[in-house]
Amino acid sequence: MQWEIVIGLEVHTQLSTNSKIFSGASTAFGAESNTQADAVSIALPGVLPVLNKGAVERAIKFGVAVGAHIAPRSVFARKNYFYPDLPKGYQISQFDLPVVGQGALTIQVEPLSGNAQPYEKVVRITRAHLEEDAGKSVHGESQGVTGIDLNRAGTPLLEIVSEPDMRSAAEAVAYAKTLHTLVRWIGICDGNMQEGSFRCDVNVSVRHPGAELGTRREIKNLNSFKFMQQAIDYEVQWQIDTLENGGKIQQATILFDPDTGKTHAMRSKEDAHDYRYFPDPDLLPLEISQQWIEEVKEDMVHQVGQLPHEWIEELTSRYGLSTIDARSLINEPRTPSVFISATRAALLNGESENQSQAAKLAANWIINEFLPQQLAAREDFPEVEFVEGVAGDTIGHLIRLMRDGTINAKAAKEIHRELWDRAREVKFTRHGGTYADVDQLIDERGLKQVSDTGAIEKIVDEIIAANPAQVAEYRSGKDKVFGFFVGLVMKASKGKANPAQLNEILKRKLAA
Amino acid sequence: MINATLKQLSAALRSKKISSVELTQLYLDRIAALNPELNAYITVNPDMSLAQARGADAMLANGNAQPLTGIPIAQKDIFCAKGWRTTCGSKMLHNFTSPYDAHVISQFNHAGAVNLGKTNMDEFAMGSSNETSYFGTVKNPWDRARVPGGSSGGTAAAVAARLCAAATGTDTGGSIRQPAALCGISGLKPTYGVVSRYGMIAFASSLDQAGPMARSAEDLALLLNTMAGFDERDSTSLQRDQEDYARDLSKPLAGLRIGLPKEFFAEGLSNDVAQAVEAAIAEYKKLGASVVDISLPNSRLSIPVYYVLAPAEASSNLSRFDGVRYGYRAPEYTDLADMYEKSRAQGFGTEVKRRIMIGTYVLSHGYYDAYYLQAQKIRRLIAQDFVEAFKQCDVIMGPTSPTTAFKLGEKGDDPVQMYLSDIYTIAVNLAGLPGMSIPCGFGANNMPVGLQVIGNYFTEAQMLNVAHQYQLATDWHTRQPSGI
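Residues numbered from 1 in each chain as written. Chains lettered and ligands numbered in written order. Predicted model: local features only at pLDDT ≥ 70, side-chain atom pairs only at ≥ 80, totals over all residues.

Chemist: So, the overall build of chain B: which residues are in play, and what are the values?
Modeler: Regarding its fold elements, chain B presents 15 helices and eleven strands. Taking 2.2 N^0.38 as the reference for a compact globule, 484 residues should give roughly 23 Å; the C-alpha atoms of chain B span a radius of gyration of 21 Å, in line with that estimate. The dimensions of chain B, computed from C-alpha atoms along their principal axes, are 65 × 55 × 45 Å. Across chain B, every contact between residues at least 6 apart in sequence was considered, and the portion connecting residues at least 24 apart equals 76%. (Helix = DSSP H or I, 4+ residues; strand = E, 2+ residues; numbered from the N terminus. Rg over C-alpha atoms; globule rule 2.2 N^0.38 Å. Contact = placed C-beta atoms within 7 Å.)

Structure follows, in structure tokens:
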């Protein structure tokens, strides 16, 4: 029996404002319990909410970035339920009139298994609304008592709700990752999943292709892409098994336990709350003028330049990169400019940057050399806004030196590593080096390729003379031995022989 | 001294005829003598009041005095005041000391006024007789077997019995005007948004509005000058230029058009009240006003609409009283749900629980449209009635309450009868309009009658003028109960 998986996501992104959504208390993570709980956060009698404009601006940015309709008038509503970490006994959220309406996000799906090809897909966004976070219950610190930490209470969230457009765990993960990139890109969320800044609720159901939607179960609070994939895989199999064994799926809220790799029900639909939503009379309707939207849009262009999807379009059509390479280059807003600088500096005389070989080489270098260095350094230097051990034009310089035969790839990698190490020493307060430093390193370490054909010919002659058996083998048709000779010549030249020249000379002499 | 107007008191303080400490002590002595019987105050704190009075005397000595500097003002116990127990008339907050000042409190503090104490009130301002207070009923100074009205009953009794120079109240459905009427004093509920609600414990946020209660319109104007003004901590506070509410007090009333809604003079209005109100209208005609018959056809729906919307908001506003962070917590419980249930069951009184249940019901899935949404629609119709009416008149007048003060316990068993005592005041809150009550005579059993004056939005200065001119021509507002 064939089953189709249907997945929709609700993602809670914590907005990067300094103060809370309805009060001036700080939102900084990791403070001593309840030190960031002001009168509004602990809901003293008589206190009132005042909306943080910065939170609204971030919501507008998101709406603009996903091409969504931004509501000229949206309404805050109270979602009523009792819980100790919800100090007012209600959460201020948005219900029937959210600030951001329908939008869309294009995702690049890399299938998790098999030989399937990567593909693009458009996921529709239903809405995004502003709301406040709750506090935290702290269990187990002292026996028999649950503590309450209200530091997080009132932290601004943008809850982004997708349509049930995803058909596999791979698609769900791709959507979540794309969204994660986007919210960091436009600077509305720090994306820190360990600290709970980006939390995913995943609605999963299965059905026979073409049938009505099945009953869904909602996996709450996934804070890693790996767990998301595991949770969906487990849940899908559980639902299919249940149905194939004649069972029925009950709507439920479930949790994923990373230790067991299983999901389990938290509450069923029967215990679902009646939240008694109604418009919050303490807050006026939120009115957003077209002018405000334009201002935010302008700010955003100024701050981050192009959006991820705009970059992908430019990198593929103008520079001729594959979509996968283009996606790799948009891990953060400043990376594409590193690529462009590198491409320009890597050009040979008379070459244009459009669709050039330089572009392809620059992309490969950044993906295979620069980004891994950056990823490792970012963990060690979380306080650095953009970790950049080497500037784009210096990378381009290295690439050009390879292209014109001055150095080979091995030497270029060595220099690149050295520059990153130097940047690390100064904690990325500046780059590890410039063109001049590159040239100096080449000189100091003698990394220049030997392009003197006479010198190479001499080495080749010696090697051929010293290995008559292998020469005979090659001449009898065993081409594989060619690599053996290349290795020996390289070794003899201490790795500096120009590979192209070496090949040409070796071939000629062996054939003789 | 206890019958002096605020202006006279201010002059006496400035000319050093009396110090703020002496004046404060005078009122503290009166409270000590009379409050055990009247029960108008929940909390007095002589040390704190006298400390403020000393500060006021220093301001007076330095020449930094403002109009209210040194004057002892009683505060309804719904306003959070730093260092003061703030109970809202409830067991739920019987042990709550506020760590911060409400906007209204800080405005009075900045003005150098003295906080004389916290006045009694219906629990969470839910009631029209002050009988729902956890701290006991307040007696009407005119007849101690009768209620003072509510919910600002403690304030009304304190002003009437000269236990303070003036005081504050709050009005969600008539809680300033009805007790003012029943105790023979003047009270003003401003336009919604004129006085910040910050630090005022919420009952029904879209209706709650603080206002002054005093012995004359002139005093009300002075008090409102201090209370009103934009406050960024209340999103429903209105950003308007500061105005002097006393600026028009002396304007003559010639040409004033008074609208008389026929619905306010119909069945349910007792004869003694009707007669006093009609006499007041006659007096206004003598002062040069003319009378227009108007209609507020939807005002009959005010009570049902109010008793959907106010409890709906209250059920949510009162959710924070859960025994977790402050306030009353049941001494014994088995688990979290049990703690909530017992703390709230024991901490709230009957009327509060009734309204929480009504509110929870009307917001519930499947009932929301039929009750809450429908009530909101009718609320707009009620407001529209006033818009039409004010095309024909400058102010609207009528009775504040259908009867004079009733006996303690008389309506205790019948909530609907109790709710009907606000039949003329509630529409004003639903429309967000300003309304006031001024004394206009006495009815059966020699109990005071209040005349309600309803103005258009932001016409407080005009309403105060209308009231003041009447008080220049009559002396009802100067009468005082015996035995005080």
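Chemist: Explain the overall build of chain A to me, and be specific about the residues and the numbers.
Modeler: A tally of regular secondary structure across chain A gives 15 helices and 15 strands. With respect to the three principal axes, the spread of C-alpha positions in chain A is 95 × 55 × 50 Å. Within chain A, buried positions represent 41% of all 512 residues. (Buried ≥ 20, exposed ≤ 12 C-beta atoms within 10 Å, placed from the backbone.)

Chemist: Could you give an account of the pairing of strand 11 (residues 217-222) of chain A, with specific residues and numbers?
Modeler: All names here are of chain A. Direction of pairing for strand 10 (residues 198-207) relative to strand 11: antiparallel, over a ladder of four bridges. Residue pairing for strand 11: Val202 is matched across the bridge by Ile219. The β-α-β motif built from strand 11, the intervening helix 3 (residues 225-244) and the parallel element strand 12 (residues 252-257) has left-handed crossover chirality. (Pairing = 2+ DSSP bridges. Right-handed = clockwise from strand over helix to strand, strands pointing away.)

Chemist: I'd like a rundown of the sheet that holds strand 14 (residues 278-279) of chain A, residues and numbers included.
Modeler: Residues and elements named next belong to chain A. Ordered by their spatial adjacency, three strands build an open sheet running 4-3-14, and the pairing between neighbours is antiparallel. Each end of this open sheet is capped by a strand with a single partner; those strands are strand 4 (90-94) and strand 14. In terms of strand pairing, strand 3 (residues 76-80) meets strand 14 through two bridges, oriented antiparallel. Its bridge partner lying in strand 14, Arg78 is registered against Phe278.

Chemist: Account for the interface of chain A and chain B, with residues named and values stated.
Modeler: Chain A puts 26 residues into the contact, and the matching count from chain B is 33 residues. For the side of chain A that touches chain B, the class distribution of residues is 18 nonpolar, three polar and five charged. (Nonpolar A, V, L, I, M, F, W, Y, C, P; charged D, E, K, R; others polar.)

Chemist: Can you break down the sheet that holds strand 9 (residues 156-162) of chain A residue by residue, with the values?
Modeler: Residues and elements named next belong to chain A. The strand order 5-6-9-1-10-11-12-13 describes an open sheet built from eight strands, whose pairing is mixed. In this open sheet, the two strands that pair with only one neighbour each are strand 5 (103-109) and strand 13 (262-268). Sheet twist, expressed as the mean angle between neighbouring strand axes with direction ignored, is 30°. Sheet analysis places strand 11 next to strand 12, joined by three bridges and oriented parallel. (Axes fitted to C-alpha atoms, helices over the stretch in contact; angles between N-to-C directions.)

Chemist: Residues and numbers for the environment of Gln8(B), please.
Modeler: Structurally, the position occupied by Gln8(B) is in helix 1 (residues 6-14). Once the C-alpha coordinates of Gln8(B) and Ala375(B) are considered, the two residues, 367 residues apart in sequence, prove to be 47 Å apart.

Chemist: Account for the packing of helix 7 (residues 335-346) of chain A against helix 9 (residues 392-403) of chain A, naming residues and giving values.
Modeler: Residues and elements named next belong to chain A. Contact pair helix 7 / helix 9: the axes reach a minimum separation of 7 Å and the direction vectors enclose 35°. For the crossing formed where helix 7 meets helix 9, the hand is right-handed. When helix 7 is examined against helix 9, the residues Ser337, Val338, Phe339, Ile340, Ser341, Ala342, Thr343, Arg344, Ala345 and Ala346 are found in contact with a partner set consisting of Gly392, Asp393, Ile395, Gly396, His397, Ile399, Arg400 and Arg403. (Left-handed = near helix turned anticlockwise from the far one by under 90°.)

Chemist: Now, about the nonpolar core: what can you tell me, with residues and values included?
Modeler: Judged by nonpolar contacts, the single largest core of 230 residues is most densely connected at Ala172(A), Val202(A), Ile73(B) and Cys164(B). Dropping the residues within four chain positions of it, Cys164(B) is found in contact with Tyr27(B), Pro72(B), Ile73(B), Ala74(B), Leu116(B), Ala158(B) and Val159(B). The next biggest cluster of nonpolar side chains, apart from the first, holds 41 residues, and it includes Ala346(A), Leu401(A), Ile407(A) and Leu447(A). (Core = buried A, V, L, I, M, F, W, Y, C linked by C-beta atoms within 7 Å.)

Chemist: Give me the lowdown on unusual backbone geometry, citing residues and values where you can.
Modeler: Residue and element names in this part refer to chain B. Residue Ser151 is bonded to the preceding Gly150 through a cis peptide linkage, with omega at 10°. Residues other than glycine seldom take positive phi values, yet Asn39 does so here, at roughly 60°. Take Asn39: it is sitting in the loop between helix 2 (20-38) and strand 1 (41-43). Here Asn130, not a glycine, exhibits a phi torsion of approximately 70°, which is positive. Relative to the assigned elements, Asn130 resides in the loop between strand 3 (114-119) and helix 5 (153-160).

Chemist: Describe the domain arrangement of chain A, naming the residues involved and giving the relevant values.
Modeler: By a widely used convention, the size of an interface equals the accessible area lost when the partners come together. When the domains of chain A are assigned, the result is domain 1 (4-287), domain 2 (306-444) and domain 3 (453-511). Here domain 2 of chain A and domain 3 of chain A have C-alpha centroids that lie 33 Å from each other. (Domains from an automatic or database assignment.)

Chemist: Lay out the packing of helix 9 of chain A against helix 10 (residues 409-425) of chain A in plain terms, naming residues and giving numbers.
Modeler: All names here are of chain A. The N-to-C vectors of helix 9 and helix 10 enclose an angle of 160°; their axes lie 9 Å apart at closest approach. Taken as axis vectors, helix 9 and helix 10 run roughly antiparallel relative to one another. For the pair helix 9 and helix 10, the crossing hand works out as right-handed. Residues Thr394, Leu398, Leu401 and Met402 of helix 9 lie in contact with helix 10, whose contacting residues are Ala409, Ala412, Ile415, His416 and Leu419. When grouped by side-chain class, the residues that make up the contact of helix 9 with helix 10 number seven nonpolar, two polar and no charged. (Parallel < 35°, antiparallel > 145°, perpendicular 65-115°, else oblique.)

Chemist: Run through helix 10 (residues 336-347) of chain B, naming residues and quoting values.
Modeler: Spacing of three or four residues puts side chains on the same side of an α-helix, whose turn is 3.6 residues. Residues and elements named next belong to chain B. In this model helix 10 runs 16 Å from its N-terminal to its C-terminal C-alpha over twelve residues, within 8% of the 16 Å that 1.5 Å per residue would give. Taken residue by residue, helix 10 has Tyr340, Ser343, Arg344 and Gly347 as its buried positions. Projected onto a plane normal to the axis of helix 10, the buried residues spread over an arc of 90° and lie on a single side. Residues of helix 10 that are exposed and point over 90 degrees away from its buried face: Ala337, Asp338 and Ala345. (Expected span 1.5 Å × (residues − 1). Arc of directions from axis to C-beta.)

Chemist: Could you give an account of the confidence of the model for chain B, with specific residues and numbers?
Modeler: Taken as a whole, chain B shows an average pLDDT of 97; of its residues, 100% reach a score of 70 or greater. What the predictor reports for the complex is a pTM of 0.89 with an ipTM of 0.96. (pLDDT = per-residue confidence, 0-100.)

Chemist: Could you give an account of the environment of Phe227(A), with specific residues and numbers?
Modeler: All names here are of chain A. Within the element layout of this structure, Phe227 appears in helix 3. When the C-alpha positions of Phe227 and Gly261 are compared, they lie 8.3 Å apart, and in sequence the two are 34 residues distant. In contact with Phe227, other than residues within four places in its own chain, are Leu222, Phe256 and Pro258.

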